[in-house]
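# Notes for the structure review
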Amino acid sequence: MKSSTLSLAVPRLARGLASTLCAGLACLASTAHAQKAVEAYPDRPVRIVVPYGAGGAADLLARVLAEKLAVEWGQPVVVENKPGGVGTIGISSVVKAAPDGYTLVSVPVSDLAVNPHLYRKRPFDIAKDLAPVSQVGAVPNVLVVSNGLGVHDARGLIAHAKAGRLSYSSPGIGSQAHLAAEIFAERAGVSLLHVPYNSMSAALADVAGGQVDMMIAQLPTALPFIRGGRVKALGIVAEQRSPLAPDMPTLKETTGLSFGDAVSWSGLMAPAATPLALREKIARAVTKVMRSPEARETLAGQGTVGLGGTPAELAAAIAEDSRRYGGVIKALDIKLD
């Protein structure tokens, strides 16, 4: 190499090494800053958005979580209701929030695993625009029938349905109750007539009145009807019994058939770019408080079970229910856009 060429190459090499060194130092500084942010979290109030109105199941669960987290963290945790657009308004606000862990959203399984298959024109993609933090709580579902139907167990119901078409109610087309009933019908080898309503209570009331034969309902809503003798419970729609009704068998126990877990659970999500280390720290706190004896006692009074868990476990739960309900939605060709 000529000396003139060498004299030009050496400064360029030095500049390249300097640039690489600066980039490396900047990366280390950024990583150190991120670690400090995780260690300091939370050092100011945290906001949990509920994309539905006050007083509903999602709202009540989020408020129990917020109350327990505030004590655990020593910082205010505020629940903010942002209803509208089948959850769209509240979820959109969190998608646009800073990914720093101070704005989270508590959403039911319907928003995470069902609605993405029903509504193709939503302004966000749950899988891309939100990141999982932890499951929060779950409500079991129970199969109930009209007393006038004259059946005493799930085997009897299936035999009755094979002899003549039965009707079932739900709180709406595409609801978890609707899809779970279709899964039940498919695996039991029967055909059922769907009668949609605009609320869970209205759907249950007509089962109690004998206008509809059966439905799959959330246990807390159904318990007053069951205890009052207005409907008959045939079993929990899950693989295992619920601690909220330990004496009630599962449909799998009574029929030998697996209908999967039709559980109405909720999950805590964060903006997509929220660091995993921060989400894992939040998840550990959620798990601790939601599995505490105090929370369990409070939640049991609401017919809910505290869950918790890691971001990876929530992601797996979303994927599993997305496959389950997405398959039914596709088979029924349901589109709500």
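In what follows, the structure referred to is the one given above.
First, a word on what this report is: a plain description of the structure on this page.

Quick notes on the rules
Residues numbered from 1 in each chain as written. Predicted model: local features only at pLDDT ≥ 70, side-chain atom pairs only at ≥ 80, totals over all residues. Heavy atoms only, no water. Buried < 20%, exposed > 50% of the residue type's maximum accessible area, 1.4 Å probe, protein only. Helix = DSSP H or I, 4+ residues; strand = E, 2+ residues; numbered from the N terminus. Pairing = 2+ DSSP bridges. Arc of directions from axis to C-beta. Contact = heavy atoms within 4.5 Å. Axes fitted to C-alpha atoms, helices over the stretch in contact; angles between N-to-C directions. Salt bridge = Lys/Arg side-chain N within 4 Å of Asp/Glu carboxyl O.

Bringing the pairing of strand E8 (residues 214–218) into the picture now. Counted residue by residue, E8 has four buried out of five residues, so it is predominantly covered. Pairing of strand E5 (residues 141–146) with E8, which is carried by five bridges, proceeds in the antiparallel orientation. The partner of Leu143 across the bridge, within E8, is Ile216. Sheet topology places strand E6 (residues 166–170) next to E8; two bridges connect them, and they run parallel. Paired with Ser169 across the strands is Met215, a residue of E8.

For the rest of this paragraph, the subject is helix H8 (residues 200–208). Every buried residue of H8 is listed here: Met200, Ala203, Leu204 and Val207. Relative to the axis of H8, the buried residues are bounded by an arc of 95° and lie together on one face. Tucked inside the fold, the buried residues of H8 contact E5, E6, E8, helix H9 (219–227) and strand E9 (231–236). Gly210 lies just past H8 and shows a positive phi near 85°.

The strand order across the open sheet formed by five strands is E7-E6-E8-E5-E9, and the pairing between neighbours is mixed. Among the strands making up the open sheet, the edge pair consists of strand E7 (192–196) and E9. Across the sheet, the mean angle from the axis of one strand to that of its neighbour is 30°, orientation sign disregarded. Sheet strands touched by helix H6 (residues 154–163): E5, E6, E7, E8 and E9. Its angle to E6, the strand with the most contacts, is close to 120°.

Taken in spatial order, the six strands line up as E2-E1-E3-E10-E4-E11 in an open sheet, and their pairing is mixed. Looking along the sheet, the strands with just one partner apiece sit at the ends: strand E2 (77–81) and strand E11 (305–306). In the sheet, strand E1 (residues 46–50) pairs with strand E3 (residues 103–108) via three bridges, with the strands oriented parallel. Residue pairing across strands places Ile48 opposite Leu104, the latter belonging to E3. Sheet strands in contact with helix H4 (residues 109–118) are E3 and strand E10 (264–271), and its direction is about 65° off that of E3.

This paragraph deals with the pattern of salt bridges. By the definition in use, this model includes 11 salt bridges. For the salt bridge of Arg241 with Glu253, the shortest nitrogen-to-oxygen distance reads 2.9 Å. Taken together, the residues Arg241 in the loop between E9 and helix H10 (251–255) and Glu253 in helix H10 connect sequence positions 12 residues apart. You can call Arg241 partly exposed: its relative accessible area is 39%.

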